[in-house]
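# Architecture at a glance
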Amino acid sequence: MREAIILAGGFGTRLRSVVSDVPKPMAPVAGKPFLAYVLDRLKGQGYSHIVLATGYLHEKVEEYFGMEYNGLAIDYARELSPLGTGGAIVNAMQHCTEECVTVLNGDTMFDIDHEELCRRSDEWHAPLTAVLRWVPDAGRYGTVEVDDSGLITAFREKDPSTGSGYINGGIYRLQRSLLDGYAIGAPFSFEKEVLQALGKPFRAYAADGYFIDIGIPEDYQRAQTELPKI
């Protein structure tokens, strides 16, 4: 069984001017929630079980998707108080049974070959494989540095002066043992305490598929016409 955790509890602060009554992943795109496009793509990539990590306005997500959507079994890992990205993943992992799980951001669509991601992750025996995307302007996202062997050497903070480079695409294939030692219900940042700490050898998988992050109104509007065409 192929499982995925989707972080779907974002406040969407930068989108408040255009979307204010639903969590960011539920922002409507051409008549259906952005998150539905992400789930549809995962279904087509062989996933059968999805855990939605919810928080802000969680009932909006649960009411729409229920316990089954498009043949996907859905579970919910609701946070009662803010857990940060790391705490949300640990909380959601309690609903998973597989040793390796894919983690995605619910406000980003990155069209990759998940079969290849899983194959390479298994081949590398990597505690974490991060999917990277080359972009001409990486300043909004921060960059990721990789050595010649494919190991990640640094996750760099956002810097408006940054030019082109690899960015973190927001998709990870990780072994559940990577988060051993983190208490259930304890808040922490996955990006800062796990990724940037680089306590273990993390691998990079570069992909060049369609990518959009609806975190700002301009890209949210762009999604209205681009996503339905995928």
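Moving on: the pairing of strand 11 (residues 152-155). Inspection of the sheet shows strand 10 (residues 144-146) paired to strand 11 by three bridges, in the antiparallel sense. Each residue of the ladder has a partner; that of Glu-145, found in strand 11, is Ala-154. Here strand 10 folds back onto strand 11, and the loop between the two strands holds five residues, one of which, Gly-150, carries a positive phi near 90°.

Time to look at the pattern of salt bridges. Under the criterion given, the structure shown has 13 salt bridges. A salt bridge links Lys-24 to Asp-107; its shortest N-O distance comes to 2.7 Å. Within this pair, whereas Lys-24 is found in the loop between strand 1 (3-7) and strand 2 (28-29), its partner Asp-107 is found in the loop between strand 7 (100-105) and strand 8 (108-110), the two being separated by 83 residues in sequence. Assigned by exposure class, Lys-24 and Asp-107 land together as buried. Notably, a salt bridge pairs Arg-78 with Glu-62, separated by 3.3 Å at the nearest N-O pair. Note that Arg-78 is positioned in strand 6 (residues 72-78) and Glu-62 in helix 2 (residues 58-65), a separation of 16 residues in sequence. Members of the salt-bridge network, linked through shared partners, are Arg-140, Asp-213, Asp-219, Arg-222 and Glu-226.

A few words on helix 3 (residues 84-93). The buried count for helix 3 comes to eight of ten residues, which makes it a mostly enclosed element. For helix 3, the set of buried residues is Gly-86, Gly-87, Ala-88, Ile-89, Val-90, Asn-91, Ala-92 and Met-93. Elements in contact with the buried residues of helix 3: strand 1, strand 4 (49-54), strand 6, strand 7, strand 12 (165-175) and helix 5 (190-195).

To continue, consider the side chain of Thr-102. As for its placement among the helices and strands, Thr-102 is situated in strand 7. You can call Thr-102 buried: its relative accessible area is 0%.

Here the focus is empty space enclosed by the protein. On inspection of all chains with the given rule, the structure shows one cavity of 30 Å³ or more. Volume-wise, the largest cavity comes out at about 80 Å³. Forming the walls of the largest cavity are Val-38, Arg-41, Leu-42, Leu-104, Asn-105, Thr-108, Met-109, Phe-110, His-114, Gly-170 and Ile-171. Looking at the lining of the largest cavity, the elements with two or more residues in it are helix 1 (34-44), strand 7, strand 8 and strand 12. Residues of the lining of the largest cavity, tallied by class, amount to six nonpolar, four polar and one charged.

Calculation notes
- Residues numbered from 1 in each chain as written.
- Predicted model: local features only at pLDDT ≥ 70, side-chain atom pairs only at ≥ 80, totals over all residues.
- Heavy atoms only, no water.
- Pairing = 2+ DSSP bridges.
- Helix = DSSP H or I, 4+ residues; strand = E, 2+ residues; numbered from the N terminus.
- Salt bridge = Lys/Arg side-chain N within 4 Å of Asp/Glu carboxyl O.
- Buried < 20%, exposed > 50% of the residue type's maximum accessible area, 1.4 Å probe, protein only.
- Contact = heavy atoms within 4.5 Å.
- 1 Å grid on protein atoms, 1.4 Å probe; cavity = no way out; pocket = protein on both sides within 12 Å on 5 of 7 lines; lining within 4 Å.
- Points joined across faces, edges and corners; volume = space filled by probe spheres on them.
- Nonpolar A, V, L, I, M, F, W, Y, C, P; charged D, E, K, R; others polar.

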